Structure formats: C-alpha cells, structure tokens
Amino acid sequence: MSEEFLSEMRRKWVPIYILALLSIVFITAHLILNYIHTKNSMYINWLIPLLFLAMYILFSFSRLLKMKISVYTYYRVIRCTKCGYEEVGKTEGKTYLFSREGKCPKCSGDMVVVKVYKKKTLKGITK
Amino acid sequence: MDQGSFLDAIIWFVMLTLLFYLNREMEIMRLISEIERYLRLYRATRDKALNTTLSEFKSVLARHGEHGVDIKRLEERVKSLIELVFIEPVSLDPYGIIAKLKHLLRSSEKTLRDEVSRMLPPATEVEVENLLNLVSATQVLNMIYKTVDHIYRIGRKFRSYWILMQLSALLPFITEEVRALEGAIDAFTKGLPIGDSVGAIVAAKLLYDHGATEKVLEPVENTVVGELSLDGREVVIVKAKGPGGTTGRLDDAIRWVFDRYRGDINAIITVDAALKLESEESGAISEGFGVAMGGIGVERFNIEKLATEYGVPLYAVLVKMSEEEALSVIDEKLFNSAEKAVDIVKRIITERIAPGGRVLVVGVGNTIGVTP
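Residues numbered from 1 in each chain as written. Chains lettered and ligands numbered in written order. Predicted model: local features only at pLDDT ≥ 70, side-chain atom pairs only at ≥ 80, totals over all residues. Heavy atoms only, no water.

### Topic: the overall build of chain B
Here is the rule: Comment: elements are numbered from the N terminus, with helices defined as DSSP H or I runs of at least four residues and strands as E runs of at least two. C-alpha atoms define the radius of gyration in this analysis, and the globule rule sets the expected value at 2.2 Å times the number of residues to the power 0.38. We call two residues contacting when some pair of their heavy atoms lies within 4.5 Å.
Counting its regular elements, chain B contains 10 helices and seven strands. For 372 residues, the compact-globule formula gives about 21 Å, and the C-alpha radius of gyration of chain B, at 26 Å, lies well above that figure. Reported as C-alpha extents along the three principal axes, the dimensions of chain B are approximately 100 × 60 × 45 Å. Here the analysis covers contacts within chain B between residues at least 6 apart in sequence; of these, 79% occur between residues at least 24 apart.

Written out as structure tokens, the structure reads:
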C-alpha cells in the first residue's frame, strides 16, 4: 500500500527528469556550437556546472528506475493424513493452518493445511 | 591597498547575517517538505486501512445477509471506533497497577467485542476477532498520523528548527511501524497467520503431530489447553484459540493448569516472536530464561508471579523477526523457523525434564489463521 503510494508519487517525476535531461542535451549542444564558432572559452566554462547537473539528474533518474515495489503471493501446502501426499497451491486467504481442506485425490484421506506462507516478488515502479 | 570603508564592513556583516538566516530558513523549508511527504504517506495508509476495515465489515455483512443493518450507521460507528482511546490507569501509586491494567484491558476488549457483535449480529467468532484486529491496527495508524501531524504543525507554527529536526530524525522508525501495521491490515483481512503467530504455530504443531488437536479444552475464554505425551514426559500445551486473531488469556489458562495439577509442573516453556536487531537474521532462534511475551506486561507479570510461587523454572524460545514481519503474513523462512523451534522445544523437554515429569508449553502470540 505505502510502497504503491510512494511509487505513484515518484512515477510523477519521470517526465520531469526526461525533460530536464533533454534540456541539458540541447543547452550542451548550443554551448559547444557557440564555442566552435566563437572560440570563446566562456562557453566551455559554463559546460562544467552543466555536466555536474546532468550527472546528478542521471544518478537520481537511475535510482528512480531501479526502485522496486514488493508484490506478495500467498501459498498453502496441504498434506494427506493417511498417505502423506502433498499439494502446494495459491491461496487468497481464510486458509487455516492444521484445518481440514478436502479429500486426498489418491486415497480419499483427509487433507490438512500444514503450511501457509507468502512469497515476495519485486516489480519495477515504471509501467 | 584599499581596505574598504566602514560602510563596506557593515554591509558585509549584514550580508553574512542574512546568509546565515536564509540558510536556516531554507533548511526549515526542506524539513517541512520532507515531513509533509511522509505525512501524505501516513494519511494515505490510514485512509486505505480505514477503507479496508469498512469494506471488510460490509463484506462480512454481505456474506451472511444484511439482517436489516443500516449501512450508513455501520460506517459511522466504525469511524467512531477508530477514534476510541484507551486511558491508562494512574501509576502515581504503583501498588495494584497490574490488576487495574488487566481489568481495564479485559473490560475494553469485552466491550469492543460485544459492540462489533451487535453491529454485525450474524458474524462468526473468527470474523469478529479479525474485525477487532483490523479496527485496532487502523486505530494505531490513525493515532500515528495525528501525532506526527500535531508535532509537524507545532514545529511549523513556531518555525522551530529543532522540533522539525527531531521529528525528521524519527520518521524512518515511524515509517517502519506504519509499514508493519499496513502488513497487518492485509493479514487480518485475509485471515492468514502472521509472523507473531510463530508461538501459536509451534504449540499447534506439537498438538497436531501428536494427534491431540481434537482433544483440546477451552477452560478460559479464547484460550485452549491440550495434553500430549513426549518420551515419557507429560506436555501440557496452552495457546490462544484460533483461527480468529486473538492472543487469548494465557495467564488465566496457566493459573487453571496449575490449579488442575496442584502446582505439579516441572517447567514452563514460552515460545514467542521477538524483535530482531538490524544486524540479526530473520528467523534466527534464541533460547533463554524467563517469560517470552510482549505486550503491556500484565500477563507476563502474572505468569512470573505464579512460577515464583511454585518455584517452577521458566524457559524461553524466541524466533527473531522485524516488526514488519511480525505483523504481516508469515513468510516461508519464518515458517521453517517455527518448525525448527518445535524441535528445540522437544529437545529442551527431553534434556531438562526427567521422564515422568510434566511441562507446560505456552505458544504466545496472535493465533490468526492457526487452529485449534
């Protein structure tokens, strides 16, 4: 929930980062062309802070892209009380540990929930 | 060389002072924007928890048929439950504080349970317990949001750098707690075991492995007691009654066991989840002495008193986990640790209790999703 909210907040920054990087590319090209035509070192001097800014934006943007949110899947393991046959499956909830859950497909014995757990997978925040 | 006029010096000092002032103002603005970002997150989490709680109440109602329940009134009542407060007893004179705390806790629990049952007459016991847990988690989220917001507003109102700075320093810890409660909302909606259920899982697994699940008694409300035999030792198991999300009344149940066996108990082993330090691994198991039990301390106090009265040694088995893991649905690693903890409990029993002895194993923690 909060991770989704955070990713939603951060996702809003993606177009701003792209716009800022494009602007830097244009300004850099403009400064380089001006330097070539005028040979005025002032243009090159301006390039240095601009490149630092570009590096900072690229670093922040890459961190944003690398960000992952956790997605959980829930599993339950049921085991036959007679023959020990086991089945692993997903559950949506209301699966109670050590409660009976159906009959064994092999020997018709009682199947009991012996394990319930969640597994985490990571998903990128950009769609 | 020209060293500048007196006016230049004054201007330089003014500029310098202005720079310091602006620097501090900018820092305050940065802190305000950072705290506001966290506050938005807490508010979103609180609102989501409230909506989940409301929809869970409605879905329970839908499952059983509405039975003439006014939905609008139900929503209003749930919202007012979220604002409920628990006033701790006065502790200026600490004599008798435990009894007072226990009375307050029990009466507030009972009143809330009755209230939810009245709101949803057809709801089962398990559903009522899970709804109470949802309400309780939402209450805490609401309180966290309101407290942080209060401190933020005071800090902003007085432009207090230090108040804002202290709040900002605490935000990572508060966020951890908010995340943990968020996980709890998910777990209580699904009714699946949580990390804090490891104690209950260990107790239930011991009962299940020895075929004693069906023979448990409920001598005390929401708490079950079962018996089994392990390598010539008699093992009495106490745990909260599942699969509803409750922690039971373990101290009362232990008192019942002591009365039943006239104090003839050789040891008490408590199994519970414990908060890990950042450097510790989740699922690590620690053994120790004493009562492994969290909460306000009322039940722990009563168990310690009883054990001291009868001279019974207290052993503890702790499964380490983070706060987030303790309150969200249990993961495979923690579940495997619970299974390992069962072996450790068995080893403690065979090593420390002589054959023919009797030992009490207490599965501490919320028993959501765990039967019996």
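### Some thoughts on the interface of chain A and chain B
Put simply, an interface is often sized by how much accessible area is lost when its parts join up. Note the threshold: Salt bridges are identified by distance alone: a Lys or Arg side-chain nitrogen within 4 Å of an Asp or Glu carboxyl oxygen. Residues adjacent in sequence count toward polar contacts only when both atoms are side-chain atoms; beyond that, a polar contact is any pair of N or O atoms within 3.5 Å, and within protein one must be able to donate a hydrogen and the other to accept it. Residue classes follow a fixed rule: Ala, Val, Leu, Ile, Met, Phe, Trp, Tyr, Cys and Pro count as nonpolar, while Asp, Glu, Lys and Arg count as charged, and any other residue, Gly among them, counts as polar.
Tallying the contact residues gives 26 residues for chain A and 34 residues for chain B. Among the salt bridges present, the one from A:Arg100 reaches B:Glu214, with a minimum N-O distance of 3.8 Å. Taken together, the links from chain A to chain B amount to 10 residue pairs in polar contact (both at pLDDT 80 or more). Mapped onto the side of chain A that touches chain B, the elements with two or more residues apiece are α1 (2–11) and β4 (110–124) of chain A. Here the side of chain A that touches chain B takes seven residues from β4(A), the largest share from any one element. In terms of residue class, the side of chain A that touches chain B is built from 12 nonpolar, six polar and eight charged.

### Concerning the environment of B:Tyr161
Residue and element names in this part refer to chain B. By secondary structure assignment, the location of Tyr 161 is in helix α5 (residues 161–190). When the C-alpha atoms of Tyr 161 and Ile 28 are compared, they prove to be 5.9 Å apart, with 133 residues separating the residues in sequence. Setting aside chain neighbours within four positions, we find Tyr 161 in contact with Arg 24, Glu 27, Ile 28 and Leu 31.

### Comments concerning the side chain of B:Ser160
Position of B:Ser160 among the secondary structure elements: in the loop between α4 (125–157) and α5. From its side chain, B:Ser160 meets the backbone nitrogen of B:Ile163 in a polar contact 3.2 Å long.

### Quick word on unusual backbone geometry
A cis amide bond links B:Gly242 with the next residue in sequence, B:Pro243, at an omega value of 5°. Relative to the helices and strands, B:Pro243 is located in the loop between β3 (233–240) and α7 (250–260). The phi dihedral of A:Lys94 is positive, around 55°, even though this residue is not glycine. Along the polypeptide, A:Lys94 turns up in the loop between β2 (86–90) and β3 (100–103). Of note, the phi angle at A:Ser108 is positive, near 65°, even though the residue is not glycine. Counting through the fold element by element, A:Ser108 comes out in the loop between β3 and β4.

### Things to note about the pattern of salt bridges
Let me state the cut-off plainly: Residue exposure (1.4 Å probe, protein chains only): buried if accessible area is under 20% of the type maximum, exposed if over 50%, otherwise partly exposed.
Evaluation of the coordinates by the stated rule reveals 42 salt bridges over all chains. Between A:Glu101 and A:Arg76 there is a salt bridge, with its nearest N and O atoms 2.9 Å apart. Here the residue A:Glu101 occupies a position in strand β3, and A:Arg76 occupies one in strand β1 (residues 68–80), the gap between them amounting to 25 residues. Look at A:Glu101 and you get partly exposed, because its relative accessible area is 29%. B:Arg118 is paired through a salt bridge with B:Glu115; the nearest N and O atoms lie 3.4 Å apart. Pair noted here: B:Arg118 and B:Glu115 are both in helix α3 (residues 97–119), with a separation of three residues, about one helical turn. On the basis of relative accessibility, which here comes to 58%, the residue B:Arg118 falls in the exposed class. Residues joined by salt bridges that share partners form a network here, namely B:Lys102, B:Arg106, B:Asp251, B:Asp252 and B:Glu299.

### Concerning α5(B)
All names here are of chain B. Where we set the bar: Every helix has an expected span of 1.5 Å times one less than the residues it contains. The angle between axes fitted to the seven residues ending at a residue and the seven residues starting there is what we call the bend at that residue.
For α5, which comprises 30 residues, the first-to-last C-alpha distance of 43 Å matches the rise-based estimate of 44 Å (1.5 Å per residue) to within 8%. Where α5 bends most, at Leu 171, the angle is about 40°, and the proline Pro 172 comes one to four residues later. Backbone geometry just downstream of α5 places Gly 191 in the positive-phi region, at approximately 70°.

### A short note on the nonpolar core
All names here are of chain B. This is how the line gets drawn: For our purposes a nonpolar core is just a set of buried Ala, Val, Leu, Ile, Met, Phe, Trp, Tyr and Cys residues, chained together by side-chain atoms within 4.5 Å. What marks off one domain from the next here is an automatic or database domain assignment.
With 93 residues, the main nonpolar core has Phe 57, Leu 120, Ile 269, Val 345 and Val 361 as its most contacted residues. In this structure, this core is formed jointly by two domains, domain 1 (13–190) and domain 2 (195–363), each of which donates at least three residues. Counting residues in hydrophobic clusters, the runner-up holds 22 residues, among them Val 220, Val 236, Ala 307 and Leu 314.

### A look at the side chain of B:Thr367
Topologically, B:Thr367 is positioned in the segment after β7 (358–363). For B:Thr367, a relative accessible area of 0% gives the class buried.

### Here's the deal with the environment of B:Ser117
Residues and elements named next belong to chain B. Among the secondary structure elements, Ser 117 is positioned in helix α3. For the pair formed by Ser 117 and Gly 295, sequence separation is 178 residues and the distance between their alpha carbons is 25 Å. In this structure the side chain of Ser 117 is engaged in a polar contact, spanning 2.9 Å, whose partner is the backbone oxygen of Arg 113.

### Focus on the domain arrangement of chain B
Residue and element names in this part refer to chain B. How we decide: By definition, the buried area sums, over both parts, the 1.4 Å-probe accessible area that each loses when the two are put together.
Taken as a whole, chain B is organised into domain 1 (13–190) and domain 2 (195–363). Computed over C-alpha atoms, the centres of domain 1 and domain 2 are 30 Å apart. Contacts between the two partners involve 19 residues from domain 1 and, on the opposite side, 20 residues from domain 2. Of the roughly 1,800 Å² buried where domain 1 meets domain 2, counting both sides, 57% is carbon and sulfur surface. Among the residues of domain 1 in contact with domain 2, Ile 98, Lys 102 and Arg 106 are the three that bury the most area, contributing 29% of the side total. If you look at where domain 1 meets domain 2, you find seven salt bridges. Measuring nitrogen to oxygen at the nearest pair gives 3.9 Å for the salt bridge that ties Asp 252 to Arg 106. For the pair domain 1 and domain 2, the interface holds eight residue pairs in polar contact (both at pLDDT 80 or more). For the side of domain 1 that touches domain 2, the elements supplying multiple residues, two or more each, are α3, α4 and α5.

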